[in-house]
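One letter stands for each residue in the lines below.
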Amino acid sequence: MLTVAVLGAFLAVIIYARLFKPEAAVVEVPVENTMRYVNLPVASGGEVVDFSQAVEQSIDAVVHVKTKEFREYAVNPLYEFFFGQQPSGEAPTVLGFGSGVIISGKGYIITNNHVIEDSDEVVVVLNDKREYDATLVGADPTTDIALLKVDAQDLTALKFGSSDALRLGEWVLAIGNPYNLTSTVTAGIVSAKARGEMGIMRSQEFGIESFIQTDAAVNPGNSGGALINTRGELVGINTAIASRTGAFNGYSFAIPVSIVEKVVTDLIEYGEVQRAILGVTISTVTAELAREMKIDKIEGVYVTGVRSEGAAREAGIREGDVVISIDNTRVNSSAELQETVSKYRPGQTVKVIVKRDGNLKQFDVVLRNLEGSTEIVKRANVIEVLGASFEPISDREKQTLGIRNGVKVTSVKPGKLMKVGVKKGFVLTSVNKKPVSSVKDITDILKDSEGGIIIEGVDQKGSRIYYAFGM
């Protein structure tokens, strides 16, 4: 029995050793050898990318933009009837704030048009707390870009980078003044490019929506500030956020520097943006559109209409064509096509590849301006005197307002129109009883006019209004 018991115990030890491994000894490893970085930019060699150098060479080029708008009390007869005399004295001043980017040591500063529009005073505060009164060189509501100028020299300027070279997932930094917190830096990645059809520019008939989408935190006050790459180069102007609360909810949008640089160059050289158009209405090719129109492949941009006497029609492009590329740049969305065309000026020729009935065709298109010509549009002195910017009015607006012609006022700054009370949104239909449908009509009439000027138009409710002033 003793022999059996000993043998059983020995077998039990062997079986236990085979079935159950003994607990391994705990080896203490130094913490620094096991540390891993989470959600930080890592270069190809594995080292963590340092943002500080890019920020140091950029932050002094980002400024704080402060605005003032002086409003007047509106005269309301009903108020006096029910409540007596209306308030007297000055109406409260409306204060605004945003950001801007110095692009020249000579004092040129980029910001968003919506930051400064309707403002009577604009002050720029540098990162070192110096303050300057700024003048408006020009603005382009269709891209939401404005150019300011301050009387200063040897300012720190930001170098233009390439928004076209940006890659999805690339790290970028946003610098601005959210909630008046000056010189704030946030980081994120490029989430998408050529993001459009969001309705951000819906108030502009020819508005360009082709944004860089990032997840860098941007809030009210960041508008007009810099989006830079890790080399400290300007790649975009922060403009909008996607939010239901008014605060950052995860995504922000910046105007690509490819658009910004063209707009700024035009404003400096001509005083007006030289907007080139193909003369087509377009739609992104989707699976649904491809099925409906029997398009064999989901690519390109579908031409839904061709403007009469426009550049595309003259070149031979038809409704139903699918635009594949412009000057060897492929376009797969309406936003990409808008961004590509926005880099050109009227009179320039572009090579457009379209697909028609399954075959590729090439057309050489001579781009035109909004007035239908190939000429460079220069701001006339009379328009400067008026102190307003204008844009063509759409057929839908004409029908809504019950008018046959007109030009919409998109912004008003100190000048003749501001003095008589003209507001943004007013539609000018005639000058000295002569109908107007373009800025050229206005300038032609005013150049031949002497003494008093009478303008007629309608407000956004369709009410007819007259103004009179002397030139």
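Residues numbered from 1 in each chain as written. Predicted model: local features only at pLDDT ≥ 70, side-chain atom pairs only at ≥ 80, totals over all residues. Heavy atoms only, no water.

Draft legend 1. Geometry of the overall build of the chain. When its secondary structure is counted, the chain shows 12 helices and 24 strands. Counting the 471 residues in the chain, one finds 46% classified as buried. Pairs at least 24 apart in sequence give 61% of the contacts found in the chain among residues at least 6 apart. A total of about 25,800 Å² of accessible surface is found on the chain, and carbon and sulfur atoms cover 51% of it. (Helix = DSSP H or I, 4+ residues; strand = E, 2+ residues; numbered from the N terminus. Buried < 20%, exposed > 50% of the residue type's maximum accessible area, 1.4 Å probe, protein only. Contact = heavy atoms within 4.5 Å. Areas by Shrake-Rupley, 256 points an atom, 1.4 Å probe, with all protein chains shown as cover.)

Draft legend 2. Quick peek at helix α12 (residues 439–447). Where α12 is concerned, the buried positions are Ile442, Thr443, Ile445 and Leu446. Relative to the axis of α12, the buried residues are bounded by an arc of 165° and lie together on one face. (Arc of directions from axis to C-beta.)

Draft legend 3. Inspection of empty space enclosed by the protein at higher detail. Applying the stated criterion across every chain, the model contains 3 cavities of 30 Å³ or more. Taken as a whole, the largest cavity spans an internal volume of roughly 50 Å³. When residues in the lining of the largest cavity are grouped by element, the largest group, 3 residues, is from helix α5 (residues 257–270). In this structure, the second largest cavity spans a volume of roughly 40 Å³. Every residue along the wall of the second largest cavity is listed here: Thr143, Ile208, Ser210, Phe211, Ile255, Pro256 and Ile259. (1 Å grid on protein atoms, 1.4 Å probe; cavity = no way out; pocket = protein on both sides within 12 Å on 5 of 7 lines; lining within 4 Å. Points joined across faces, edges and corners; volume = space filled by probe spheres on them.)

Draft legend 4. Fine view of the sheet that holds strand β10 (residues 226–229). Ordered in space as β7-β8-β9-β12-β11-β10, the 6 strands form a closed barrel in which the pairing is antiparallel. On average, each strand axis in the sheet is inclined to that of its neighbour by 45°, with strand direction left out of account. Relative to strand β8 (residues 184–195), strand β7 (residues 171–176) runs antiparallel, the two sharing 6 bridges. Residue pairing for β8: Trp171 is matched across the bridge by Ile189. Together, β11 (234–241) and β12 (252–256) form the strand contacts of α5, whose direction differs from that of β12 by roughly 50°. (Pairing = 2+ DSSP bridges. Axes fitted to C-alpha atoms, helices over the stretch in contact; angles between N-to-C directions.)

Draft legend 5. Molecular detail of the nonpolar core. Judged by nonpolar contacts, the single largest core of 47 residues is most densely connected at Ile110, Val124, Ile145, Leu148 and Val150. Broken down by element, this core gets its largest block of residues, 6 residues, from α5. Excluding residues that lie within four positions of it along the chain, Val124 makes contacts with Val63, His64, Ile109, Arg130, Glu131, Tyr132, Ala134, Leu148 and Val150. (Core = buried A, V, L, I, M, F, W, Y, C linked by side-chain atoms within 4.5 Å.)

Draft legend 6. Spatial organisation of the packing of aromatic side chains. In the structure shown here, the tally under the stated rule is 3 aromatic pairs. The interplanar angle of 50° and the centroid separation of 5.7 Å between the aromatic rings of Phe51 and Trp171 together place this pair among those described as tilted. Linking Phe51 in the loop between α1 (2–19) and α2 (52–56) with Trp171 in strand β7, this pair joins segments that are 120 residues apart in sequence. Taking relative accessible area as the criterion, Phe51 reaches 19% and is therefore assigned buried. Consider the rings of Phe426 and Tyr467, whose centres lie 5.5 Å apart with planes at 80°: the pair is edge-to-face. In this pair, Phe426 is assigned in the loop between α11 (416–420) and β21 (427–431) and Tyr467 in strand β24 (residues 464–470), connecting sequence segments 41 residues apart. Here Phe426 and Tyr467 have matching classes, each one buried. Of note, Lys149 hangs over the ring of Tyr108, and the distance from its end group to the ring centre comes to 5.4 Å. (Phe/Tyr/Trp six-rings, centres within 6.5 Å; stacked < 30°, edge-to-face > 60°. Lys NZ or Arg CZ within 6 Å of the ring centre and 35° of its normal.)

Draft legend 7. Examining the pattern of salt bridges more closely. Per the counting criterion, the structure on display carries 16 salt bridges. Across the pair Arg130 and Asp128 runs a salt bridge whose closest N-O atoms are separated by 2.9 Å. As a salt-bridge pair, Glu314 and Arg368 come within 2.3 Å of each other at their nearest N and O atoms. Of the two residues, Glu314 sits in helix α7 (residues 311–315) while Arg368 sits in the loop between β18 (359–366) and α9 (381–386), which places them 54 residues apart along the sequence. Taken together, the shared-partner salt bridges connect Asp296, Lys297, Glu299, Arg330 and Lys355 into one network. (Salt bridge = Lys/Arg side-chain N within 4 Å of Asp/Glu carboxyl O.)

Draft legend 8. Focus on the sheet that holds strand β4 (residues 121–125). Taken together, the 6 strands give a closed barrel; going around it, the order is β1-β2-β3-β6-β5-β4, and neighbouring strands pair in antiparallel fashion. Averaged over all neighbouring strand pairs, the angle between strand axes comes to 40°, with direction disregarded. α5 rests against β3 (108–112), β5 (131–140) and β6 (145–150) of the sheet, and its axis sits at about 50° to β6.

Draft legend 9. Here's a closer look at the pairing of strand β1 (residues 62–70). As paired elements, β1 and strand β2 (residues 93–102) share 9 bridges and run antiparallel to each other. Paired with Val62 across the strands is Val101, a residue of β2. Where β1 lies against β4, 5 bridges are found, and the strand directions are antiparallel. When the bridges of β4 are listed, Thr67 appears paired with Val122.

Draft legend 10. View of the environment of Phe70. The topology assignment puts Phe70 in strand β1. Judged by its relative accessible area of 43%, Phe70 is partly exposed. Residue contacts for Phe70: discarding those within four places in its chain leaves Thr93, Asp120 and Glu121.

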